Amino acid sequence: MTRLTPNALIWIGLFCLTWLFAQFGRDWFAAMGLGWAMDYPDAWVIPIKDSISAAMKWLVEEATFGVFTFTEFTRGISWVIEQPYNLARALLAEGFMDGIGRRAEQILPPFSWIAVTAGVVALGHYARDWLLAAIVGAAFLYLAIFGQWESAMVTLASVVIAVPIGVTGGLMLGITAYRHASFERVLKPVLDLMQTIPIFAYLVPILFMFGFGPVSALVATVIYAMPPMVRITTMALHAVDPEIKDFGKMSGCTRRQMTWRILVPAAQRSLMVGVNQVIMLSLNMVIIASMIGAGGLGFDVLSSLRRLDIGGGFEAGIAIVILAVAIDRLSQAFATRTTHPPRDGSWVKRHPRSTTVLVILVLAFVIGQFIPGFQTYPEEAFLTTGDFWDNGVKYLNINYYDALEAVKIFFLSNFLLPIKRFFLGIPWPWAILMVTVIGWQFGGWKLALMNILMAGFIVSTGMWEKAMITVYLCGSSVVIASVIGIPLGVLAAVNARAGSVIGVLIDTLQTLPSFVYLIPVVMLFRIGDFTAMVAIVLYAVVPAVRYAAHGVRSVSPEMIEAGVVSGCTKRQLLTRIRLPLALPEILLGLNQTIMLALSMLVITALVGTRDLGQEVYIALTKADTGRGLVAGFAIAFIAIIADRVISASAQKARIRYGLEA
Amino acid sequence: MTKPTKLVCNALWKIYGSNTGGLSFPPAQEDLDRRGLIGAVQQVSLGIHEGEIFVIMGLSGSGKSTLVRLLSGLIEPSSGELLFDGQDMLKMSERDLIEIRRHKMGMVFQHFALLPHLTVLQNVAFPLTIQGQSKGQAETRAQEVIELVGLKGREGYFPRELSGGQQQRVGIARSLAVEPELWFLDEPFSALDPLIRREMQDEFLRLQAMLKKTIVFITHDFDEAIRLADRIAIMKDGAVIQVATPEELVLSPATEYVEEFTRHVPRDKVLSVGAVMVKGASGTGDGISVHAKIAEVASLVVEAGTPLKVVDDNGQTLGAVDAQSVINVLIGKGG
Ligand SMILES: Nc1ncnc2c1ncn2[C@@H]1O[C@H](COP(=O)(O)OP(=O)(O)OP(=O)(O)O)[C@@H](O)[C@H]1O
Ligand SMILES: [Mg+2]
């Protein structure tokens with residue numbers, strides 16, 4: 001174990017060389033007159049940004065499909081999405097208006113808060129039992145009492161529209177992929193790519209095509225939330241019992257009947273898992289979507305963050321979490337719901353819940369005409385926790401300022417800054433060479449070629465420095481996340497009690513939308529790289545824990561027994577058997593951690609980082625398509641390089657341990 | 001044997017594996033091995049007569065399911081010919097095949113294949129609604145067959161609320177709802193407990209006595225085959241090695257492999273009087289049917305003390321049967 005192989009020696013040598021370059025390269029190259037190797041000259045930058053912007057401009061202003069123009073096409077899509085969205089928004093949040101702008105008059109109010117709450121309570125009871133009904137009812141009451149109702153309903157309206165579109169689209173694509181193997185072959189790499197490309201890469205073009213507003217937000221949400229539905233659909237249909245498929249054929253089903261009467265109903269349970277995924281991802285997008293025009297809770301969080309209004313941001317953030325938890329529990333209950341045989345009798349008798357809700361709806365409307373509190377939750381009765389949070393932060397800052405500051409400075413000067421200096425110090429030609437060598441080592445010439453092209457793109461578009469800051473920020477966060485997450489995962493796997501506690505923690509972390517992490521961290525550490533790092537770690541630690549736990553758990557018991565029989569101590573069992581065998585799985589977790597870290601970047605741009613995320617964020621605010629796309633692609637390329645290298649090495653490890661041929 | 005043939009297959013082959021290009025039929029076994037192919041069904045020729053229970057028997061992996069899926073048109077053969085009512089099934093359009101499946105064929109599956117989201121009533125009505133029948137019409141008919149299989153009162157249950165035996169009754173009812181002419185059952189009872197299995201076999205025989213379907217029944221259980229079959233096809237490694245009545249199998253097994261199966265069969269329940277009577281001899285009594293099983297008449301013959309008369313279906317005397325030959329069968333000595 002301690003003997004170094006020649007291979008390892010080469011790697012250590014290369015690393016030392018890189019370190020030397022990073023440390024002294026700037027002076028050496030300057031002395032040799034090779035300054036361009038450190039700072040990529042502006043004159044060499046290929047103006048891809050401008051070309052993209054010009055192309056986009058052409059697309060929007062001039063492109064035509066013959067019968068109609070591109071703009072008419074996107075307007076058409078907008079219109080189709082807008083109609084149901086406006087209806088949902090009117091029903092839930094704003095009521096129906098006559099006229100526009102300030103002189104608009106409400107002709108019909110939205111559903112009363114009482115009726116909506118009654119509605120979700122009924123859904124909870126329908127989907128499972130009174131307990132669930134009470135939980136979701138309490139969640140919605142919370143939204144009303146804490147003054148988040150209207151924003152929450154705007155958010156709910158977009159979820160109510162985005163989810164059916166995402167589910168239907170995913171279902172259709174999934175079914176087509178199931179039916180036509182050739183389509184599946186085309187679709188699969190696209191889905192893989194979508195999963196590695198951070199959302200931000202496509203935010204800007206969407207913004208450009210659909211304009212700032214809820215439609216853009218919905219389109220982005222759907223694109224983000226749909227891929228898992230496609231995968232799950234195809235998988236679920238393939239997994240339907242072959243006997244049931246045979247039965248369908250033997251009863252003389254046509255293809256259409258086979259799909260809709262046999263396969264889809266038989267796969268219902270797995271499909272509901274997909275629906276749940278779509279819902280959760282849609283909620284995850286709530287805050288990001290508000291960057292391109294979604295209103296509601298996401299917008300509240302975003303604007304609070306911009307104003308550094310901690311209390312307000314926290315309240316809206318909690319409201320998102322509560323909404324997410326309520327909807328998540330509801331949809332999970334639907335997924336596992338056991339159907340009951342239809343009842344007999346009149347419609348009212350067969351639908352006691354719907355009837356009750358309808359009655360409450362009408363009553364609340366009528367009474368609301370006279371007592372406004374029945375229509376809209378009275379503002380006088382709002383509770384607010386904003387001051388509480390503000391005071392809490394003040395208290396912490398007054399009493400623990402020094403301690404917190406010390407932690408921050410310790411990390412900054414001993415960890416973050418050295419890493420930053422290291423990455424920024426590497427001359428770009430050397431870095432590209434290293435990336436290529438690594439690619440070649442793990443994945444052969446194909447990976448090497450891909451790496452050189454992608455790294456070349458980043459350099460030649462003038463993104464090098466920002467990319468290095470990105471790598472540094474993500475890299476250090478991933479290191480910390482792994483250092484915390486992997487031991488936790490191992491602990492969870494070897495100790496049942498710790499396992500259940502950690503499991504709950506991880507589940508909770510995973511339900512929270514990514515943004516929410518930012519708020520408490522900003523509260524404690526204000527803005528800057530350290531804050532960004534903490535937020536990224538919180539968000540990205542989940543897969544590190546999960547995969548490590550799964551990897552260690554799934555080491556075959558025979559191997560463990562073999563270890564015990566040959567006299568391993570507990571410690572040796574862990575270090576010699578469990579960990580090495582779990583390595584491939586741990587590597588996959590690392591991969592996921594990197595992906596999540598990269599996807600947090602645009603969010604952490606809010607706290608003043610200077611990386612590619614910031615570049616996308618600026619492009620978003622300026623609707624500069626070229627800039628946004630190029631930065632988005634640069635992030636995507638970093639993600640893809642990391643993904644491919646790690647997947648390849650995980651596969652190598654699997655082969656080495658004989659887990660895969 | 002005089003009845004018309006419902007389903008005929010000639011030299012049917014089904015080969016699994018990808019490397020099939022340029023294979024000529026019939027292929028040699030070495031040829032298949034060399035290419036890594038599996039001959040799941042090999043050179044099978046059968047004719048299934050109207051109204052008979054035709055049992056396909058073989059051990060696990062012998063190709064029974066593959067054969068029945070070929071016969072029902074669920075999969076396409078690699079080579080061979082398949083005629084249903086004299087029509088070539090392999091040349092039929094998709095539309096015609098769907099029509100045949102909707103109205104003329106029914107199938108019962110080993111693991112029931114019930115749709116989990118539908119009630120018993122809806123499951124049984126399903127094939128009818130697929131044909132486009134109205135809900136009311138379909139459910140009326142479904143109700144009838146549910147009563148026929150003895151599940152009255154459980155129409156509103158979901159499959160998961162029923163026992164295995166009950167679930168298979170639903171499967172049977174569902175396949176009977178369309179009044180099929182040809183009824184396939186692929187190991188319908190092998191997922192059930194032995195006691196339930198016997199009960200279901202009796203039920204099956206009762207139904208068949210009423211309905212007189214043409215039946216292809218798959219089983220890996222020789223006793224079940226003997227109990228139910230008019231004729232049995234024995235399969236091994238994809239090929240059919242003997243097609244015969246249970247009695248013929250016991251009396252003259254084609255190979256040692258078949259003989260091995262028949263060894264533990266209770267012969268008195270398989271052999272009929274015809275197999276042990278003395279032709280042309282005279283006897284007393286009202287006349288025993290030549291088709292009666294030994295087990296049914298044993299006590300009668302032994303107690304009589306003298307040989308008893310054996311008659312055919314028209315009452316013509318054929319010969320006589322004596323106590324000794326019956327006892328020989330009972331104690332397992334020849335036949
Ligand atoms: N779709 C398939 N692809 C490849 N090989 C198959 C396929 N279906 C069946 N086989 C092979 O064909 C052979 C016969 O299988 P089949 O299912 O017909 O056997 P069986 O007699 O029904 O067995 P059992 O009693 O276990 O159901 C087996 O060797 C099986 O592995
Ligand atoms: Mg089978």
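Thresholds applied
Residues numbered from 1 in each chain as written. Chains lettered and ligands numbered in written order. Predicted model: local features only at pLDDT ≥ 70, side-chain atom pairs only at ≥ 80, totals over all residues. Heavy atoms only, no water. Helix = DSSP H or I, 4+ residues; strand = E, 2+ residues; numbered from the N terminus. Buried < 20%, exposed > 50% of the residue type's maximum accessible area, 1.4 Å probe, protein only. Contact = heavy atoms within 4.5 Å. Buried area = accessible area lost by both parts, 1.4 Å probe. Salt bridge = Lys/Arg side-chain N within 4 Å of Asp/Glu carboxyl O. Polar contact = N/O pair within 3.5 Å; in protein donor to acceptor, adjacent residues only side chain to side chain. Nonpolar A, V, L, I, M, F, W, Y, C, P; charged D, E, K, R; others polar. Domains from an automatic or database assignment. Pairing = 2+ DSSP bridges. Near = heavy atom within 4 Å. Areas by Shrake-Rupley, 256 points an atom, 1.4 Å probe, with all protein chains shown as cover. 1 Å grid on protein atoms, 1.4 Å probe; cavity = no way out; pocket = protein on both sides within 12 Å on 5 of 7 lines; lining within 4 Å. Points joined across faces, edges and corners; volume = space filled by probe spheres on them. Axes fitted to C-alpha atoms, helices over the stretch in contact; angles between N-to-C directions. Expected span 1.5 Å × (residues − 1). Bend = angle between axes of the 7 residues up to and from the residue. Core = buried A, V, L, I, M, F, W, Y, C linked by side-chain atoms within 4.5 Å.

Turning our eyes to something else, we now look at the environment of Gln-375 of chain A. Residues and elements named next belong to chain A. For Gln-375, the position within the fold is in helix H19 (residues 372-375). Accessibility expressed as a relative area gives 12% for Gln-375, which makes it buried. When the C-alpha atoms of Gln-375 and Val-479 are compared, they prove to be 52 Å apart, with 104 residues separating the residues in sequence. Discounting chain neighbours no more than four positions away, the residues touching Gln-375 are Pro-109, Pro-110, Phe-111, Ser-112, Trp-113 and Gly-368.

Size of an interface: often given as the accessible area lost when the parts come together. Contacts between the two partners involve 27 residues from chain B, matched on the other side by 20 residues from chain A. Counting the surface chain B buries against chain A, the share from its top three residues, Leu-74, His-117 and Ile-130 of chain B, is 23%. Joining chain B to chain A, the criterion identifies one salt bridge. Between Arg-69 of chain B and Asp-246 of chain A there is a salt bridge, and its shortest N-O distance comes to 2.9 Å. Linking chain B to chain A there are eight residue pairs in polar contact (both at pLDDT 80 or more). At the level of elements, helix H3 (94-103), strand E6 (105-108) and helix H4 (120-130) of chain B are the ones that each hand at least two residues to the side of chain B that touches chain A. With four residues, the top contributor of residues to the side of chain B that touches chain A is H4 of chain B. Here the residues of the side of chain B that touches chain A sort into 15 nonpolar, seven polar and five charged.

All right, on to the domain arrangement of chain A then. All names here are of chain A. According to the domain assignment, chain A consists of domain 1 (79-110 + 146-339) and domain 2 (388-656). Here the C-alpha centre of domain 2 lies 27 Å away from the C-alpha centre of domain 1. With 35 residues of domain 1 at the interface, the matching set in domain 2 holds 38 residues. In total, domain 1 and domain 2 occlude about 3100 Å² of area from one another, counting both sides; carbon and sulfur atoms represent 82% of this. For the pair domain 1 and domain 2, the number of links is zero salt bridges. Inspection of the region where domain 1 meets domain 2 yields zero residue pairs in polar contact (both at pLDDT 80 or more). Sorting the residues of the side of domain 1 that touches domain 2 by element identifies helix H7 (181-196), helix H8 (200-210), helix H13 (268-284), helix H14 (286-290), helix H15 (296-307) and helix H16 (310-335) as the ones contributing at least two each. Looking at which element gives the most residues to the side of domain 1 that touches domain 2, the answer is H16, with 11 residues.

This part is about the pairing of strand E14 (residues 317-321) of chain B. In this structure, strand E11 (residues 278-279) of chain B lies alongside E14 of chain B, joined through two bridges in antiparallel fashion. For Lys-279 of chain B, the partnering residue across the bridge sits in E14 of chain B and is Gly-319 of chain B.

The next point concerns the environment of Arg-69 of chain B. All names here are of chain B. Residue position: Arg-69 is located in helix H2 (residues 64-71). Overall, the relative accessible area of 22% leaves Arg-69 in the partly exposed class. Spatially, the C-alpha atom of Arg-69 lies 9.3 Å from that of Phe-184, the residues being 115 residues apart in sequence.

All names here are of chain B. The domain architecture assigned to chain B consists of domain 1 (5-104 + 180-265) and domain 2 (268-330). Centre-to-centre separation of domain 1 and domain 2, based on C-alpha positions: 34 Å. Facing the six residues of domain 1 at the interface are four residues of domain 2. A combined buried area of about 400 Å² lies between domain 1 and domain 2, and 73% of that area is made up of carbon and sulfur atoms. Of all residues in domain 1, the largest losses of buried area upon contact with domain 2 belong to Glu-247, Val-250 and Leu-251, amounting jointly to 78% of the total for that side. On inspection of domain 1 and its partner domain 2, the count reaches zero salt bridges. Put simply, domain 1 and domain 2 have one residue pair in polar contact (both at pLDDT 80 or more) between them. No other element matches the four residues that helix H9 (residues 246-251) contributes to the side of domain 1 that touches domain 2. Taken together, the residues that form the side of domain 1 that touches domain 2 break down as five nonpolar, no polar and one charged.

Before going further, it helps to spend a moment on the site of ligand 1. Residues and elements named next belong to chain B. Taken together, Tyr-16, Ala-40, Leu-59, Ser-60, Gly-61, Ser-62, Gly-63, Lys-64, Ser-65, Thr-66 and Glu-187 make up the full set of residues adjacent to ligand 1. Between ligand 1 and the protein, one listed contact pairs an oxygen atom with a backbone N or O atom of Ser-62 at 3.2 Å. Within the side chain of Thr-66, one N or O atom sits 2.4 Å away from an oxygen atom of ligand 1. Considering ligand 1 on its own, with 630 Å² of exposed area, one finds that the protein chains cover 60% of that surface. Top element by residues in the shell around ligand 1 is H2. It accounts for three residues.

Attention now moves to empty space enclosed by the protein. All names here are of chain A. Enumeration over the complete set of coordinates arrives at three cavities of 30 Å³ or more. In this structure, the largest cavity spans a volume of roughly 140 Å³. Surrounding the largest cavity, 16 residues form its lining, Ser-158, Thr-221, Val-286, Ala-289 and Ala-294 being those nearest its centre. Of all the secondary-structure elements, those providing two or more residues to the lining of the largest cavity are helix H6 (149-179), helix H9 (214-225) and H14. In terms of residue count, the dominant contributor to the lining of the largest cavity is H6 (five residues).

Right, let's get into the sheet that holds E14 of chain B. Residues and elements named next belong to chain B. In space, the four strands of this open sheet follow the order E11-E14-E13-E12, with mixed pairing throughout. Either end of the sheet is taken by a strand with one partner, and the two such strands are E11 and strand E12 (284-289). Sheet strands touched by helix H13 (residues 294-304): E12, strand E13 (308-311) and E14. Its angle to E13, the strand with the most contacts, is close to 140 degrees.

For helix H22 (residues 464-494) of chain A, built from 31 residues, the straight-helix expectation of 45 Å at 1.5 Å per residue is met to within 8% by its first-to-last C-alpha distance of 43 Å. Considering bend angle alone, the principal kink of H22 of chain A is centred on Ser-482 of chain A and spans about 25 degrees.

Turning our eyes to something else, we now look at the side chain of Ser-476 of chain A. Residues and elements named next belong to chain A. Relative to the assigned elements, Ser-476 resides in helix H22. The buried category is assigned to Ser-476, whose relative accessible area is 1%. Not counting the four nearest positions on each side in its chain, Ser-476 is found in contact with Phe-415, Leu-416, Ile-419 and Val-471.

A few words now on the sheet that holds strand E8 (residues 214-219) of chain B. Residue and element names in this part refer to chain B. Judged by pairing direction, the sheet is mixed, and its six strands sit side by side in the order E6-E7-E8-E3-E9-E10 without closing on themselves. The outermost strands of the open sheet, each flanked by one partner alone, are E6 and strand E10 (239-244). Strand after strand, the sheet turns through a mean of 15 degrees between neighbouring axes, direction not considered. Summarising the sheet, strand E3 (residues 53-58) and strand E9 (residues 231-236) pair through five bridges and their orientation is parallel. In the sheet register, Met-57 faces E9, and the bridge partner there is Ile-234.

Before going further, it helps to examine the nonpolar core. Grouped together as the largest cluster of nonpolar side chains are 226 residues, with contacts concentrated most on Phe-140, Met-153 and Ile-458 of chain A together with Leu-67, Leu-71 and Phe-184 of chain B. Setting aside its immediate chain neighbours within four residues, Met-153 of chain A contacts Leu-92, Ala-93, Val-116 and Phe-140 of chain A. If you look at the next biggest cluster of nonpolar residues, it comprises 63 residues, including Leu-162, Ala-173, Ala-225 and Ile-234 of chain B.

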